[in-house]
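If you want the building blocks of each chain, they are given just below.
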Amino acid sequence: MTEEIVADFTARFILNRGEEGGGTPSSGRIITTKKRLVLATNDEKTTVPLSRVIDVNVGSVPNHVRQFFDDTVTIGYESDGGVQSAVIESKSETVTKFVAILFRCLLNGRSVAVKHPARVGGRVKDTPVRSGTLRVKSRAIEVKTDRGAFEIDVETVMKIERSNKLGKRNDRVTLVVKYIDDDSGRTKTSLISPTQGQYVNLLARYLRLEFDELRDEVEEIELTDPEKRVLVSVHATGGDIDFTNMLDGDPTYVTNVLNSVQNKELIVEHEDSISLTPKGRIIVSQRIEDVNA
């Protein structure tokens, strides 16, 4: 193989056609370049052009192979015989690194049409549709256009959905991303449409995967009742609150509670205010019943 290899590791895998399949796992090498994925055993080799990959699903294993696998990534792709999938199992750290590399190979450099921002708060913006180039980063995506670049951090994403319209076209599948702008603190909505529909699905998969990992980290954070009250109060008031009265404590106690929440990266202090970090917003929004308990 003359192409530059970006991933090469041993794993177990099963190749399936459609929703049904059989057989047992094979052991072999998983070799990836920027153009293709190769699954090779001592007896045979299967090559999947990355241009035919339509889905990447981490951790979700088809029912008929669930008995064989634990840490997995399932790759769906189009072949001459229809849609097929490859279920790959390896160590958790290996799967995580492989998936990150695979998404970069699939998405980086893809041409996209963007409307940024399409909405600020509740106001629709008359922003022109521009052509750009997509790049995925660690927990972020970046789009470069002839008017500059913008970046969306996964931590700030509030909602992801699809639409079938961008600009004057009614048939262009579009990813609608609603997020919080770090500079202004206001919600924004941007429309991103790769030139090929399959990359809308892959981009959505990437964003949701990164967000799920962030949410798992947040769920491991333990909070005391005073810390929960601080988060709810900052969320409700924007940080404009007398924490001493709210916590019924002396200044030293209040400072300790605030420092603890800040050390957990849940609030950030500005010159004249306090605000929630993305992790803090996730806790308030995803664990609101627990926080209010």
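Data block above holds the structure.
Since the structure is predicted, the reported quantities are computational estimates derived from the model, not experimental observations. All residue numbers here refer to positions counted from 1 along the written sequence of the relevant chain. Local features in a predicted model are, by the rule used here, given only for residues with pLDDT of at least 70; side-chain atom pairs are given and counted only at 80 or more, and totals for whole chains, interfaces and linings are based on all residues. Calculation of side-chain values draws on the structure's entire complement of heavy atoms; hydrogens and water are dropped beforehand.

Colleague: So what's going on with the side chain of N201? Which residues, and what values?
Modeller: Relative to the elements of secondary structure, N201 occurs in helix α2 (residues 198–219). Here R162 takes part through its side chain, which lies 2.9 Å from a polar atom of the side chain of N201. Note on contacts: a residue pair is in contact if any heavy atoms of the two residues lie within 4.5 Å. Beyond its immediate chain neighbours, meaning those up to four positions away, N201 contacts I54, D55 and R162. Strands here are runs of E lasting at least two residues and helices are runs of H or I lasting at least four, both read from the DSSP assignment and numbered beginning at the N terminus. Residues adjacent in sequence count toward polar contacts only when both atoms are side-chain atoms; beyond that, a polar contact is any pair of N or O atoms within 3.5 Å, and within protein one must be able to donate a hydrogen and the other to accept it.

Colleague: Residues and numbers for the nonpolar core, please.
Modeller: Here, the term nonpolar core denotes a set of buried Ala, Val, Leu, Ile, Met, Phe, Trp, Tyr and Cys residues that are joined through side-chain atoms within 4.5 Å. Whether a residue is buried, partly exposed or exposed follows from its accessible area with a 1.4 Å probe, protein chains only, as a fraction of its type maximum: under 20%, in between, or over 50%, in that order. One finds I88, F98 and L107 to be the most contacted residues of the largest nonpolar core, which totals 70 residues. The leading source of residues in this core is α2, at 11 residues. Beyond its immediate sequence surroundings of up to four residues, F98 is in contact with A7, F9, I30, T32, L37, V73, I75 and I88. With 5 residues, the next largest nonpolar core counts A118, L166, V176 and L191 among its residues.

Colleague: Let's hear about unusual backbone geometry: which residues, and what values?
Modeller: Here the residue pair H116 and P117 is connected by a cis peptide bond, since its omega of -15° sits within 30 degrees of zero. Phi angles above zero are rare outside glycine, and E265 is one such case at about 60°. Given a relative accessible area of 46%, E265 falls into the partly exposed group.

Colleague: Tell me about the environment of V200, and name the residues and values.
Modeller: You can see V200 is positioned in helix α2. Judged by its relative accessible area of 0%, V200 is buried. For the pair V200 and T174, spaced 26 residues apart in the sequence, the C-alpha separation amounts to 6.7 Å. Once residues lying within four places of it in the same chain are set aside, the contact partners of V200 are R162, V173, T174, L175 and P194.

Colleague: Give me the pairing of strand β14 (residues 174–180): which residues, what numbers.
Modeller: Judged by how many residues are buried, β14 sits mostly within the fold: 6 of 7 residues are covered. Here 6 bridges tie strand β13 (residues 157–163) to β14, and the two strands are oriented antiparallel to one another. Looking at β14, one finds that E161 is bridged to V176. Strand direction decides the pairing type here: β14 and strand β15 (residues 187–194), joined by 6 bridges, are antiparallel. Bridging across to β15, V177 finds its partner in S190. In this description, strands pair whenever DSSP reports at least two bridges between them. Connecting β14 to the antiparallel partner β15 that follows it, the hairpin turn spans 6 residues, and G185 within it adopts a positive phi of roughly 75°.

Colleague: Describe the packing of aromatic side chains, listing the residues and the values that go with them.
Modeller: Note on aromatic pairs: each is described by the distance of the centres and the angle between the planes. Whether two aromatic rings pair depends on their centres lying within 6.5 Å, for rings of Phe, Tyr and Trp, where Trp uses its six-membered ring; planes under 30 degrees apart make the pair stacked, over 60 edge-to-face, and the rest tilted. A full pass over the atoms with the stated rule returns 2 aromatic pairs. Ring plane angle 65° and centroid distance 5.5 Å describe the contact between F103 and Y206, whose orientation is recorded as edge-to-face. Note that F103 is positioned in helix α1 (residues 92–107) and Y206 in helix α2, a separation of 103 residues in sequence. Each of the two residues, F103 as well as Y206, counts as buried.

Colleague: Before we move on, can you summarise the pattern of salt bridges with the specific residues and values?
Modeller: Only one rule defines a salt bridge in this text: a Lys or Arg side-chain nitrogen within 4 Å of an Asp or Glu carboxyl oxygen. Applying the stated rule across the entire model yields 16 salt bridges. Residue K137 is joined to E142 by a salt bridge in which the shortest nitrogen-to-oxygen separation is 3.4 Å. Judged by relative accessible area, K137 falls into the partly exposed class, the value being 32%. By sharing partners, the salt bridges in this structure join R139, E217, E265 and K279 into a single network.

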